[in-house]
Amino acid sequence: MTTKARGKNKKEKLVVPVTGMTCTNCAATIEKGLAQTPGVDSARVNFTSEKASIEYDPSQTDLVKLKDTVAGLGYGIATKKSIFPVAGMTCAACVARVEEALAGVPGVVSANVNLASEKATVEYLEGTDIADLKRAVSAAGYTLGAEAETLEDVTSAAQREIRHVRDRLAVAAVLAITIFILMWVPDFSGKLYLLWALATPVQFWVGWRYYRGMWGALRHRTADMNTLIAVGTSAAYFYSVVAVLFPGIFTAEALERNVYFDTSAMIITLITLGKFLEARAKGQTSAAIKKLIGLQPKTALVLRDGQETEIPVEDVQVGDVILVRPGERIPVDGIVQQGYSSIDESMVTGESLPVEKNTGDGVIGATINKTGSFQFEATRVGKDTTLAQIIRMVEEAQGSKAPIQRLADVIASYFVPIVIGIALITFIVWFFVGPTPALTFALLNFVAVLIIACPCALGLATPTAIMVGTGKGAENGVLIRSAEALERAHKIDTVLLDKTGTLTRGEPRVTDVITA
């Protein structure tokens, strides 16, 4: 895929791969259909190279509409769909910014970001540079990780995040409790400086993620949960620093010299505790995916140079000949080359009876070999296996958005600026109308409004429910295609099965005993 930059007339030109053409008439049909699409200035389709060159106005049409146009004609635009981990998101406003950044990359058809799973599902044209996606997300203030290459990569990132937040929470809790106790201890020489020293690591080491998030939001002239936390705790912290370094200001104005290091430290500690519980909940919601991953064997017995060698399943390559013994799970997808056996494929097909396999038959990774030994040639490994595609489907369903979630995202984008406005009004009213010491009360109420209004639940409630629902479905052999399908499932009143015996328990069971 090649892209030309926008000119003064704000036109864009794309060269996209087209699939399904069989003759020059196909190319002419696609060309005519694209040319009639509103916003398309010109379209040329080359049958030999199987590519379409399209010049269009991005204010009137986009890649999604162009793709739908081609699909409506009976052809397709070659795209890929990948799932990337996203680091640094804290609320629904972050989701909107990451989606906007990804959608702005030339070649991206669609981007769905899930806050609960911290993953982005991106559909893009073949040839789109992944580095462009990473740069766009980085410019928005977040980090786009590499696509998972092995099944184990799917859950390892979540465990790292839990450990990272847990370690910072432990430090913050010890320091915050110490500060809280010292606030009740009678004054002694250097007490205020000790409180300052203890509060600083909490504010700028534990709380650094909130400052980083606020800066990313400010660069895009917006605000999010990080802004509320950073502004609120900074107000309490720097007010206290001024009270320590310049006590004369308070004496001259006849104000009470109070410090609020305990306020800023406790707020950051409690919010970090919430982040830890949130991270742990995310890990638990992906238990279904972990169970699916556990179905794959860790090793495979490969025949190389006439020798049997046991290697990690990640090292199996397409074309390797693998030996499977009775009772073992088949490591990857392939075709039987030698021997015969019966295989339990219930985890994929639901069929309760084992299936006979002979030379030339296909076998599915993670299914169980029942009786005989056989050798097969690996045809699909890693993220291309049937099991990996099932896991991918579950992940895509968990990452998709239900209609109600889109409404929540819109509300969240207006929520934070409104809260900041209310907090400023609160400060002004308390400062000019409130009782003495007016500045102290104004500051405390300003911080309270900012902190209590963090829209964490607004951004997490729906995606977490979707993750649990799709995960539980996968555990019971039900693959839910999207969040929208899950949301509409409560309206189902009839279920149609395509053939007798499709709905089974996955294993035979004695129903009757007939004696002679």
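A quick note: this is a predicted structure, and the numbers were derived from the prediction, not measured.

Colleague: An account of the overall build of the chain is requested, with residue identities and associated values reported.
Modeller: Scanning the chain from terminus to terminus reveals 17 helices and 18 strands. Across the 516 residues that make up the chain, the buried fraction comes to 43%. Counted over contacts in the chain with a minimum sequence separation of 6, partners at least 24 positions apart contribute 68%. For the chain, the accessible surface area stands at approximately 26,600 Å², while carbon and sulfur atoms represent 58% of it.

Colleague: Mind laying out the sheet that holds strand β13 (residues 333-339), listing which residues take part and the relevant values?
Modeller: Spatially, β11-β10-β12-β18-β13-β16 is the arrangement adopted by the 6 strands of the open sheet, whose pairing is antiparallel. In this open sheet, the two edge strands, each paired with only one partner strand, are β11 (307-312) and β16 (362-363). Pairing of β13 with β16, which is carried by 2 bridges, proceeds in the antiparallel orientation. Of the residues in β16, the one forming a bridge with isoleucine 335 is glycine 362.

Colleague: Give a description of the pairing of strand β18 (residues 374-380) that names residues and reports values.
Modeller: Along a regular strand, successive side chains alternate from one face of the sheet to the other. Bridge analysis of strand β12 (residues 321-324) against β18 gives 4 bridges, and the strand direction is antiparallel. Within β18, the residue paired with leucine 323 across the bridge is glutamine 375.

Colleague: Can you tell me about helix α1 (residues 24-35), naming the residues and giving the values?
Modeller: In this model α1 runs 16 Å from its N-terminal to its C-terminal C-alpha over 12 residues, within 8% of the 16 Å that 1.5 Å per residue would give. Packed against the buried residues of α1 are β2 (12-19), β3 (40-46), β4 (51-56) and α2 (63-72).

Colleague: Before we move on, can you summarise the sheet that holds strand β14 (residues 341-344) with the specific residues and values?
Modeller: Judged by pairing direction, the sheet is antiparallel, and its 3 strands sit side by side in the order β15-β14-β17 without closing on themselves. Looking along the sheet, the strands with just one partner apiece sit at the ends: β15 (355-357) and β17 (368-369). Where β14 lies against β15, 3 bridges are found, and the strand directions are antiparallel. Across the sheet, the residue bridging to isoleucine 343 is valine 355, located in β15.

Colleague: Lay out the side chain of threonine 37 with the relevant residues and their values.
Modeller: For threonine 37, the position within the fold is in the loop between α1 and β3. Taking the relative accessible area as the measure of exposure, threonine 37 reaches 10% and is therefore buried.

Colleague: Any details on the pattern of salt bridges? Residues and values, ideally.
Modeller: Going through the model one piece at a time under the given rule, you end up with 10 salt bridges. Across the pair arginine 325 and glutamate 308 runs a salt bridge whose closest N-O atoms are separated by 3.5 Å. Of the two residues, arginine 325 sits in the loop between β12 and β13 while glutamate 308 sits in strand β11, which places them 17 residues apart along the sequence. Note on glutamate 308: relative accessible area 47%, which makes it partly exposed. Between glutamate 484 and arginine 488 there is a salt bridge, and its shortest N-O distance comes to 3.7 Å. With glutamate 484 and arginine 488 both in helix α17 (residues 483-488) and 4 residues apart, this pair spans about one turn of that helix. A relative accessible area of 37% places glutamate 484 in the partly exposed class.

Colleague: Describe in detail the confidence of the model for the chain, supporting the description with residues and values.
Modeller: Atomic detail in the predicted coordinates should be set aside for any region of low pLDDT. In this model, the chain carries an average pLDDT of 80, and 85% of its residues clear a pLDDT of 70 or more. Segment residues 1-8: pLDDT under 50, and 19 contacts once partners within four positions in sequence are set aside and those in other chains are kept.

Colleague: So what's going on with the packing of aromatic side chains? Residues and values would help.
Modeller: Summed over the entire model, instances satisfying the criterion amount to 12 aromatic pairs. Within the aromatic cluster, the residues linked to one another by ring pairs are Phe204, Tyr211, Tyr237, Phe238 and Phe261. Note that arginine 168 overlies the ring of tryptophan 205, its terminal NZ or CZ placed 4.3 Å from the centroid.

Colleague: Describe in detail the packing of helix α6 (residues 191-206) against helix α8 (residues 225-245), supporting the description with residues and values.
Modeller: For any two helices packed against each other, one specifies the crossing angle of their axes together with the interaxial distance. Where α6 contacts α8, the axes come no closer than 11 Å and their chain directions differ by 155°. For the element pair α6 / α8, the angle class is roughly antiparallel. In the crossing of α6 with α8, the sense of the turn from one axis to the other is left-handed. Listed contacts from α8 to Leu192, Tyr193, Trp196, Ala199, Thr200, Gln203 and Phe204 of α6 are Thr233, Ser234, Tyr237, Phe238, Val241, Val244 and Leu245. A per-class count over the contact of α6 with α8 returns 10 nonpolar, 4 polar and no charged.

The rules behind each value
- Residues numbered from 1 in each chain as written.
- Predicted model: local features only at pLDDT ≥ 70, side-chain atom pairs only at ≥ 80, totals over all residues.
- Heavy atoms only, no water.
- Helix = DSSP H or I, 4+ residues; strand = E, 2+ residues; numbered from the N terminus.
- Buried < 20%, exposed > 50% of the residue type's maximum accessible area, 1.4 Å probe, protein only.
- Contact = heavy atoms within 4.5 Å.
- Areas by Shrake-Rupley, 256 points an atom, 1.4 Å probe, with all protein chains shown as cover.
- Pairing = 2+ DSSP bridges.
- Expected span 1.5 Å × (residues − 1).
- Salt bridge = Lys/Arg side-chain N within 4 Å of Asp/Glu carboxyl O.
- pLDDT = per-residue confidence, 0-100.
- Phe/Tyr/Trp six-rings, centres within 6.5 Å; stacked < 30°, edge-to-face > 60°.
- Lys NZ or Arg CZ within 6 Å of the ring centre and 35° of its normal.
- Axes fitted to C-alpha atoms, helices over the stretch in contact; angles between N-to-C directions.
- Parallel < 35°, antiparallel > 145°, perpendicular 65-115°, else oblique.
- Left-handed = near helix turned anticlockwise from the far one by under 90°.
- Nonpolar A, V, L, I, M, F, W, Y, C, P; charged D, E, K, R; others polar.

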